[in-house]
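The primary structure of each chain is shown beneath.
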Amino acid sequence: MLPPVLHALQRQHPGIVPELMAGTRLFDLSRREADIVFRVVPFDEADIVQCRLMCVPYAVYAACEAEAPAADGEGAALLAMDAPGLHYPDVAWLRQRLPRARTVFATNHRGLQARLCARGMGIAVLPRPVGEQMAGLRELDLGGLPPGREVWMGYHRDLRRMDRLRALADLAARMLGDG
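What counts and what doesn't
Residues numbered from 1 in each chain as written. Predicted model: local features only at pLDDT ≥ 70, side-chain atom pairs only at ≥ 80, totals over all residues. Heavy atoms only, no water. Salt bridge = Lys/Arg side-chain N within 4 Å of Asp/Glu carboxyl O. Helix = DSSP H or I, 4+ residues; strand = E, 2+ residues; numbered from the N terminus. Buried < 20%, exposed > 50% of the residue type's maximum accessible area, 1.4 Å probe, protein only. Expected span 1.5 Å × (residues − 1). Contact = heavy atoms within 4.5 Å. Phe/Tyr/Trp six-rings, centres within 6.5 Å; stacked < 30°, edge-to-face > 60°. Lys NZ or Arg CZ within 6 Å of the ring centre and 35° of its normal. Patch = residues over 30% accessible without salt bridge, like charges linked within 9 Å, V, L, I, M, F, W, Y side chains within 5 Å. Areas by Shrake-Rupley, 256 points an atom, 1.4 Å probe, with all protein chains shown as cover. Core = buried A, V, L, I, M, F, W, Y, C linked by side-chain atoms within 4.5 Å. Disulfide = S-S within 2.5 Å. Pairing = 2+ DSSP bridges. Axes fitted to C-alpha atoms, helices over the stretch in contact; angles between N-to-C directions.

Visitor: Teacher, can you tell me more about the pattern of salt bridges here?
Guide: Once the charged atoms of two side chains with opposite charge are near each other, the side chains can pair. Applying the stated criterion to the full structure yields twelve salt bridges. The closest approach of N and O atoms between Asp35 and Arg164, which form a salt bridge, is 3.6 Å. Linking Asp35 in the loop between α1 (2–12) and β1 (36–39) with Arg164 in helix α5 (residues 163–176), this pair joins segments that are 129 residues apart in sequence. Taking relative accessible area as the criterion, Arg164 reaches 47% and is therefore assigned partly exposed. Among the salt bridges present, the one from Glu132 reaches Arg128, with a minimum N-O distance of 3.8 Å. Where salt bridges share partners, they join Asp28, Arg31 and Glu33 into one cluster.

Visitor: Help me understand α5 in this model?
Guide: Its 14 residues give α5 an end-to-end C-alpha distance of 20 Å, which sits within 8% of 20 Å, the value for a rise of 1.5 Å per residue. Within α5 the residues assigned to the buried category are Leu165, Ala167, Leu168, Ala169, Leu171, Ala172 and Leu176. Looking at the buried residues of α5, the elements they touch are α1, β1, β2 (48–56) and β8 (149–156).

Visitor: Looking at this structure, how should I read the packing of aromatic side chains?
Guide: Aromatic ring pairs are described here by two measures, namely the spacing of the ring centres and the angle between the planes. This structure, assessed with the given rule, holds zero aromatic pairs. Above the ring of Phe43, the side-chain terminus of Arg39 is found at 3.8 Å from the ring centroid.

Visitor: In this structure, what is going on with a nonpolar patch on the surface? I would like to understand it.
Guide: A cluster of nonpolar side chains, namely Val104, Phe105, Leu112 and Met121, defines an oily patch on the protein surface of about 280 Å² accessible area. Considering the arrangement of structural elements, one finds Met121 in the loop between α3 (110–118) and β6 (124–127). Exposure remark for Met121: the relative accessible area of 40% places this residue in the partly exposed category.

Visitor: Would you mind showing me how to read the nonpolar core here?
Guide: The nonpolar side chains of a soluble globular protein tend to be buried, and buried together. Ranked by internal contacts, the top residues of the largest apolar core, which has 32 residues, are Ile36, Val60, Leu94, Leu98 and Ile123. Sort the elements by how many residues they give to this core and α5 lands first, with seven residues. With near-sequence residues (within four places) excluded, Ile123 lies in contact with Val60, Tyr61, Ala62, Pro69, Ala76, Ala77, Leu78, Leu79, Leu94, Leu98, Cys117 and Leu140. Counting ten residues, the second-largest nonpolar core is a separate cluster that includes Ala59, Tyr61, Ala124 and Leu126.

Visitor: When you look at the side chain of Arg128 in this model, what are you seeing that I'm missing?
Guide: With respect to the secondary-structure elements, Arg128 resides in helix α4 (residues 128–131). The exposure class of Arg128 is buried, given its relative accessible area of 19%. Setting aside chain neighbours within four positions, we find Arg128 in contact with Pro57, Tyr58, Ala59, Tyr61, Glu139 and Leu145.

Visitor: Before we go on, may I ask you to explain the state of the cysteines in this structure?
Guide: Throughout this description, disulfide means a covalent bond between two cysteine sulfur atoms. Evaluation of the coordinates by the stated rule reveals zero disulfides. Left unpaired, Cys55 is separated from the closest cysteine sulfur, that of Cys51, by 14 Å. In this structure Cys117 is a free cysteine whose sulfur lies 9.4 Å from that of Cys64, the closest cysteine sulfur available. Since its relative accessible area comes to 0%, Cys117 is described here as buried.

Visitor: I keep staring at the sheet that holds strand β7 (residues 137–140) and nothing clicks. Help me out?
Guide: Strand pairing in a sheet relies on backbone hydrogen bonds, with the paired strands running either antiparallel or parallel. Sheet architecture is open: three strands sit in the order β6-β3-β7, paired in antiparallel fashion. Looking at which strands have only one partner, the edges of the open sheet turn out to be β6 and β7. With strand direction ignored, the average angle separating the axes of adjacent strands in the sheet is 55 degrees. Bridge count between strand β3 (residues 58–63) and β7: four bridges; the pairing is antiparallel.

What follows is the structure, encoded as structure tokens:
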């Protein structure tokens, strides 16, 4: 999601050099652990300006040459998204659809999950923007779609007039906002 926004930021504001830290940890904006944060859960800290940018659609993927799983998942291998303290509705949905499948690998990185899937190591639920761009993957139809995830952007209200933050926040809202 962010590469097109960062590319536009670089073109429009070449003097801004963003430092991007990716991870599953929820940064505390009230303690200034970051200037601006994009995440899949709303912010609950005081004094945070936040907006819901979009809902990212998800789908189930397998390697192009992989066979479709049995209806109950018997014999299927799952590549799960997992990080301590976080809930992944897409993973719960997949486990419900394929209750007899077994998890063979868990990671906290969607890109790694997609690469393992493309190598034929198992089935994965991925954000469509990831799955559609990864060579070697095909979408599976399991009789419905996994739940999507909302993307939230937030920053501390004291920073709302910081030019470099405002430039990124405005671009992100314009380019990613769906409402």
